[in-house]
Amino acid sequence: MSEKVLAVLAEFKDPADLLHAAEKVKDQGFKKFDCHSPFPIHGMDDAMGEKRSPLGYVVGVVAVISVIGMFAFQGWTSAIDYPLVLSGKPLFSYQAYGVASWAVMVLLSAIVTVIGMMVLIGLPRFHHPLFYSENFSKKVNDDGFFVSIEADDPQFEAEKTKKFLESIGGKNIELVVPNEED
Amino acid sequence: MNKETEAVYDYQVPLITGNQTFSSITDRISSITESKTTKEWLLLFGLASSLMLLLFGSIGYLVWEGTGIWGLNNPVGWGWAIVNFVFWVGIGHAGTLISAVLFLFRQKWRTSINRFAEAMTLFAVICALVFPGIHVGRIWVVYYFFPIPNQMDMWPNFRSPLLWDFFAVGTYFTVSLLFWYTGLIPDLATLRDRAKTKIRKVLFGIFSLGWRGGNKQWKHYELAYLLLAGLSTPLVLSVHSVVSTDFATSVIPGWHTTIFPPYFVAGAIFSGFAMVMTLALIARRVYHLEHIITMTHLENMNKIIMVTGMMVGYSYSMEFFIAWYSGNPYEAYAFINRAFGEYAWAYWIMISCNVIIPQIFWSRRLRRSIPVMFIASITVNIGMWFERFVIIVTSLSRDFLPSSWDYYSPTFWDVSLLIGSFGLFFTLFLLFIRHLPMVAMSEVKGVLPQANPHHGHNGHEGESK
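Now for a look at the structure at hand. (Residues numbered from 1 in each chain as written. Chains lettered and ligands numbered in written order. Predicted model: local features only at pLDDT ≥ 70, side-chain atom pairs only at ≥ 80, totals over all residues. Heavy atoms only, no water.)

Quick look at the overall build of chain A
Here is the rule: Helix and strand definitions here come from DSSP, where helices need a minimum of 4 consecutive H or I residues and strands a minimum of 2 consecutive E residues; each element is numbered from the N-terminal end. For a compact globule the rule gives 2.2 Å times the number of residues to the power 0.38, and the radius of gyration it is set against comes from C-alpha atoms. Accessible area is worked out with a 1.4 Å probe on protein chains only. A residue is then buried under 20% of its type maximum, exposed over 50%, and partly exposed in between. Contacts: residue pairs with any heavy atoms within 4.5 Å of one another.
On a plain count of helices and strands, chain A comes out with six helices and four strands. Starting at the N terminus, the α and β elements of chain A follow one another as β-α-β-α-α-α-α-β-α-β. Taking 16 Å as the expected radius of gyration for a compact globule of 182 residues, we find that chain A reaches 25 Å, considerably beyond that expectation. Dimensions along the principal axes, computed over C-alpha positions, put chain A at roughly 80 × 35 × 30 Å. Counting every position in chain A, which comprises 182 residues, the buried fraction comes to 45%. In chain A, 74% of the contacts between residues at least 6 apart in sequence involve partners at least 24 apart.

Dropping the structure here:
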């Protein structure tokens, strides 16, 4: 079973080539593909036909809930659960609650942003078939630009997909197979 | 800006010099963390960590003996501990401004300096948090600050600005940490891929979370980064505003003014940029980063230092004007006393360092001279420390009753805690520049001309519209 092909990987010369390749892979109808680069490339979402990340809506909802929640919590602690007159101020001094409500809103929104991002991009995931490729592991975070098409794409057929990537100008094309050494 | 002018701008003033390629950036930055430890680093680290031990020792004695070891006296109940707190929180603001505000304004020059400015923020806020922590006296009940259910069925007093401060600074630290870590993920993956030793492979492997650089990751990553920048941007304004309410909501003459929040924020950015400048100049020199942190970056920072310095100068004069214009004799006295009373020496150090010295940056030649900006950045930080000293001590030492007036002077322990906090700051900073990429590699690569998909492809325009 160790010879099962998990993905096909092709390297491209520069960001422009990767962008063109992404369009062609999308037009061919592939779904489970990705374009890897050491930095985000402007226009890549359009080229790949990717939708905008939904993260903003999630964080927006959390922000609204946390600001209202913290305001209510301060009101409840100082006027209902532990009423104590301090400096002659009214128990429900709502003017004073702004700062902590705001701070808690920012805090929870930021935490949800980071956790939400990790959930959406599927990290942490310490092992991925693409890391079997030595060329990919060495270059993707340095100066390599890659297209990967994964084996669970409905259109995937190792040899045909490999030919297709060759035809759109990919170099160093690899069929990614598990590496015995690991 | 249309595409053509943008292109002209890009090529006329290159942000990164020396014909860098993507992999030369990777090599330049990563090799710093991979090469052998130098003698200079060890020497500096030894010095900084000794001072850090001085801090820990002083804190130990303080907890044992109590805040009586400080120079505090009856009217001056807030001394150096609070001065140091405000000073360190202020330093942090430049990091957030660079990483968040300049990001939203699409200032591409930020990419060379944002990583270590953010690190500086974190370490400065750690130093800041030490001081209110030890200032409470009975540090073992410091958890009273947290709104957690407890056996006494008590809740913290949300009407107090000191509690607002706890929330504001606590949030500031956590959000800065998250922002910094998020920015680090792709660069940690770069270090992971280059790692030779088992320990580096495992550690960078864990902390880079398995990053693969796919666009399906980048798209969420970029939005998350934008959201964090959006959330941090108001923090630049809010944190020091809340710190200033510790003073402004009291009734002490010289503190009870509405100008405090914007005045504190301008001062914070001013001092923070000066600290970034000091550190950047040292790191640039020691690690030969002249092509990455270029004269353009330094000149831009000097311009910001000059602008914020003038805002601070405006605030000083406006405080005086309002003290006179309000017709309030206590307020007027507080200000005349600041400039001409027992603490006049501190006041005039503050004015010289913060208002007069930054004016040299009107000259382009001085703005681009490394020794000049190095000295100016240090004097600005001295001046900003004195600003907080002047605000806190002169106002407190002359309160409403002349019979309680007193002169405040620091003790050995006040001094050792301040010096020690610099030790903590530099220890953390040295560890950071030794072990983590101090420049955001993925972001710097993104602003190189060849990163633009239209670069060198003018023949076939009109793609991806």
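Next comes the rest of the description.
Thoughts on the packing of aromatic side chains
Residue and element names in this part refer to chain B. Operational definition: Aromatic pairs are defined between Phe, Tyr and Trp rings, using the six-membered ring for Trp, whenever the two ring centres lie within 6.5 Å; interplanar angles under 30 degrees are classed as stacked, those over 60 as edge-to-face, and all others as tilted.
The tally for this structure, following the rule as stated, stands at 60 aromatic pairs over all chains. Judged by centre distance (5.8 Å) and plane angle (45°), the ring pair of Phe 247 and Phe 264 falls under tilted. Placement of Phe 247 in helix α8 (residues 215-248) and of Phe 264 in helix α9 (residues 260-286) is noted, with a sequence separation of 17 residues between them. A single burial state applies to Phe 247 and to Phe 264, both of which are buried. These aromatic residues form a ring-pair network of at least three members: Phe 87, Trp 88, Phe 116, Phe 123, Trp 180, Phe 422, Phe 425, Phe 426, Phe 429 and Phe 432.

Side note on the sheet that holds strand β2 (residues 33-36) of chain A
Residue and element names in this part refer to chain A. Heads up, the condition is: When DSSP finds two or more bridges between two strands, those strands count as paired. Between the N-to-C directions of two axes lies an angle of 0 to 180 degrees, each axis being a line fitted to C-alpha atoms and, for a helix, fitted only over the stretch in contact.
With antiparallel pairing, the four strands of this open sheet are ordered in space as β2-β3-β1-β4. Every other strand in the sheet has two partners, leaving β2 and β4 (171-176) as the edge strands with one partner each. Each strand of the sheet is rotated relative to its neighbour by a mean of 15°, with strand direction disregarded. Taken together, the six bridges between strand β1 (residues 7-12) and strand β3 (residues 145-150) define a ladder with antiparallel strand orientation. When the sheet's bridge partners are listed, Leu 9 is paired in β3 with Ser 148.

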